Each structure stands twice: as structure tokens, then as C-alpha cells.
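Residues per chain are reported as follows:
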Amino acid sequence: MDFRKEQLLEMLVQIAPNRYVQALLIILLFLVVAKVLDVIFTRVIKGWIEKTKIKLDDQLIDIFHKPVFLSIILFGLALATERLAFNDTLSFITLSGLKTVAVFFWTFAAARFLKLLLNLVSRDESRFKLVQTRTLPLFSNLLVLLVTGLSIYVLFLVWNIDLTAWIASAGILGLAISFAAKDTLANLFSGVFIMADSPYKLGDFIVLDSGERGAVTNIGIRSTRLLTRDDVEITVPNSIMGNTKIINEAGGRHEKFRIRVKVGVAYGSDIDKVHKVLLDVAKNISDVCKNPEPRVRFRSFGESSLDHELLCWVTKPVLRGKILHQLNTAVYKRFLKEGIQIPFPQRDVHVLSAPVGNADIDSYEIEK
């Protein structure tokens, strides 16, 4: 590599004795090289890769295309800087700045590449039992922290910053931070425990103890975000999520969700006919699951009605409101058609006659 570099410099000296012109030629040369490689990647290699059925190679090209292109340009700028022979301070600042830009771009590329690997690993749960879909956010966030920490360490080395003093003061600094940011640290540790325990995952419909209900859209280190059916996003700190009762409607053996349609019929109704009508209504709703089958339960003898429940399953909890609307509407219309009466509370008021000449009524008797 050094031999080729020296050959390049000797050729530039022969072409242009002026070092500023030589630096400009170096920059132009590496710009041309970067552009040629860019064209090869975008038009030749990428066009050939897009014809394959494997998507991994397309994603790898997208991840590393820009860092490689910029690294070539930065390398040319570094050679031009050396050729200009600035003083030590200016040369150090310029070269360190170029290295810093390269570190940033390669950090983002490394983070994207590691996330891609995690996604691939999580799909094969039989071989990688630790990395699964439910634990993916945990490992993803940990990788981001690891890559960020390593990039910061490399930046310290690039700028020749001594880490000994920083390490020595880390204990005192950590103690001060623990007191000043105890809520943030509580959210951080709660987020790690939530991702490790996985009481819910992305896309699950959960109901909080305070009554909020929504789909989990993001599980972060600091907070969890829910999207309600009103398209309102709720951000809940992880310290609260870790210390509250959470109902996961998408949890259990499968994501199916059971809904209950409560209906009362009048005393004297043919309950066999009522059961048949309710089941027939449920089977005519396309979004109601066929397995498990809908069922009817005679729950109790009410004050003015025979209380029943129609139990149905839907594929996802998000469909609960829609299917309840369809079932309630269909049950009411069908009951009207079949002559099945849905009673409502009634009160009979009996007024006792008052003695003649007495303007006040002595008493009232109210019967249900």
C-alpha cells in the first residue's frame, strides 16, 4: 500500500510540481474512482442482484453502498491533506475530522447490518431460542447501545483523548447521575425487564389498569407507545408499565379474541328457538371464526328477562368493536322478525285513595 502511494505521489510530481495542484488532482482522482464504483454498484451489480430471489443481497448493497462511496472520497481528502503539508495542529484537526465522519457513517451501517442479522436469526426460533420475535426489541436496543459505545470509544482514540481520567471519574459521575436521573434509570431498567420478560410484543392489543386500550407500536428503552382505536398515540413510561396490571388481549395460545353479546328475552319465550336464532346470526357474520364455533349460554333468570350470552371468536382483538356492532344489529333485527321479545324494565305505580277532604296522599306503593 505504501509503495502504491509513493508511486502515485511520484506520478503527481511529474504531472504538476505545485503541491496545491497535486492535492486537487488527488481529490479529483478519488472522486472519479468513487463515481465509477458507484455506477458499477448501482447499474451493474445491483441490477444483477435484483433479478435474484434472495432479498439479503439487496439489503446488504443498500447498507454498505453509501459508506464505501464516502470512504473512498474521505481517503482521497486525507491524502490531499497530507500532500498540502499543513502544520501539525491543522493537519491533526483535518485528518481527525475526516476520520470522525467515516466513523459516523460506518456506525450507522454497522447498526443496520446487525439489526438485519438479528431479524434473520429471530425467524429461526428452533435453532436460536434466545433471539426470538418477542425478544427482538431487547437485543436490537442492546446492539444500538453497544455500537454507539464502541463508536464513541473509537472517536476518543481518533482525537487522542486519554480515557484514564474518564474511567477514574466514572464512579463519581455514575453516582451523581443515579441521583439526578433516577426516573430515567427506572424507565431504562424497566424497559430491559419488559423486553426480557415479554408480557406483550409489537402489534399486541393491551389494556392498562387505568383503562387505556391500544396496539403496541413501539417498545423502547424509556417508554412504550400505544395506538388507540381513535388513532391517538399514548406514550407510557416503562416504570409504570412494569408496575401495573396489563391485560394482553392478543396473548395466550393464539391471537383470537372472544367477544360476548349479552341479550335478554322475555319470560315465556321458546329458549330453544332463541338459541337457534342466536347461533344462526353468528354463523352469518363472515368475520366470526368457525373454529372455535360460536356458542350460546343461558346465564341467569333476571328480574324481567332470561339472560343469555352469545360467545364468538374473532381473528384479532382489533375487530372487537366492528363485530359487536354487526352482531348486535343482526340479533335485534332477527328477534323482531322471529317475534322474540326483548324486555325492558317496567314499573307499576299503585296510588292508594286518600280520605275525603285530605289534600295529601297518605302513601304510595311501588311494585316492580
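Residues numbered from 1 in each chain as written. Predicted model: local features only at pLDDT ≥ 70, side-chain atom pairs only at ≥ 80, totals over all residues. Heavy atoms only, no water.

Moving on: the sheet that holds strand β7 (residues 295-301). Backbone hydrogen bonds are what pair the strands of a sheet, in a parallel or an antiparallel way. The antiparallel open sheet is built from three strands, whose spatial order is β6-β8-β7. Taken across any chain shown, the strands that pair with only one partner, and hence form the sheet edges, are β6 (257-265) and β7. Averaged over all neighbouring strand pairs, the angle between strand axes comes to 25°, with direction disregarded. Of the pairings in the sheet, the one linking β6 to strand β8 (residues 306-314) comprises nine bridges and is antiparallel in character. Across the sheet, residue R260 finds its bridge partner in β8, namely L311. Set on the sheet, helix α10 (residues 271-283) makes contact with β6, β7 and β8; between it and β8 the angle comes to about 25°. Sheet strands touched by helix α11 (residues 320-338): β6 and β8. Its angle to β6, the strand with the most contacts, is close to 25°. (Pairing = 2+ DSSP bridges. Helix = DSSP H or I, 4+ residues; strand = E, 2+ residues; numbered from the N terminus. Axes fitted to C-alpha atoms, helices over the stretch in contact; angles between N-to-C directions. Contact = heavy atoms within 4.5 Å.)

The subject of this paragraph is the layout of surface pockets. Quantified by volume, the largest pocket comes out at close to 160 Å³. Secondary-structure elements contributing two or more residues to the lining of the largest pocket are α3 (56-84) and α4 (88-122). Ranked by residue count, the leading element in the lining of the largest pocket is α3, at five residues. Class assignment for the residues of the lining of the largest pocket results in six nonpolar, one polar and two charged. (1 Å grid on protein atoms, 1.4 Å probe; cavity = no way out; pocket = protein on both sides within 12 Å on 5 of 7 lines; lining within 4 Å. Points joined across faces, edges and corners; volume = space filled by probe spheres on them. Nonpolar A, V, L, I, M, F, W, Y, C, P; charged D, E, K, R; others polar.)

Here we come to a nonpolar patch on the surface. Together, L29, V32, V33, V36, L37, I40 and V44 line one region of the surface with nonpolar side chains, adding up to about 520 Å² of accessible area. With respect to the secondary-structure elements, V33 resides in helix α2 (residues 19-49). (Patch = residues over 30% accessible without salt bridge, like charges linked within 9 Å, V, L, I, M, F, W, Y side chains within 5 Å. Areas by Shrake-Rupley, 256 points an atom, 1.4 Å probe, with all protein chains shown as cover. Salt bridge = Lys/Arg side-chain N within 4 Å of Asp/Glu carboxyl O.)

Here we take up the side chain of N187. Along the chain, the position of N187 falls in helix α8 (residues 182-197). Those residues in contact with N187 that sit more than four places away from it in its chain are I221, R222, P237, N238 and S239.

Right, let's talk about the packing of α2 against α3 for a bit. Contact geometry of α2 with α3 gives a least axis separation of 8 Å together with a crossing angle of 170°. Comparing their axes, α3 and α2 come out roughly antiparallel. Of the residues contributing to the contact of α2 with α3, the split by class is 21 nonpolar, four polar and eight charged. (Parallel < 35°, antiparallel > 145°, perpendicular 65-115°, else oblique.)

Turning next to the confidence of the model for the protein chain. Considering every residue of the protein chain, the mean pLDDT works out to 84; 83% of them sit at 70 or more. A low-confidence stretch, residues 361-368 (pLDDT under 50), is modelled with 17 contacts involving residues beyond four sequence positions or located in other chains. (pLDDT = per-residue confidence, 0-100.)

A few words on the pairing of strand β3 (residues 223-227). Bridging between strand β2 (residues 213-219) and β3 involves four bridges; their strand directions are antiparallel. Counterpart to I219 in the pairing with β3 is T224. Hairpin connection, β2 to β3: the antiparallel pair is bridged by three residues. Note that β3 and strand β4 (residues 233-237) share five bridges and pair antiparallel. When the bridges of β4 are listed, T224 appears paired with V236. From the end of β3 to the start of β4, which pair antiparallel, there are five residues, and D231 there has a positive phi angle of about 60°.

One open sheet accounts for five strands, arranged β4-β3-β2-β1-β5; its pairing is antiparallel. Of all strands in the sheet, those bounded by a partner on one side alone are β4 and β5 (246-248). The average angle at which neighbouring strand axes cross in this sheet is 40°, direction not considered.

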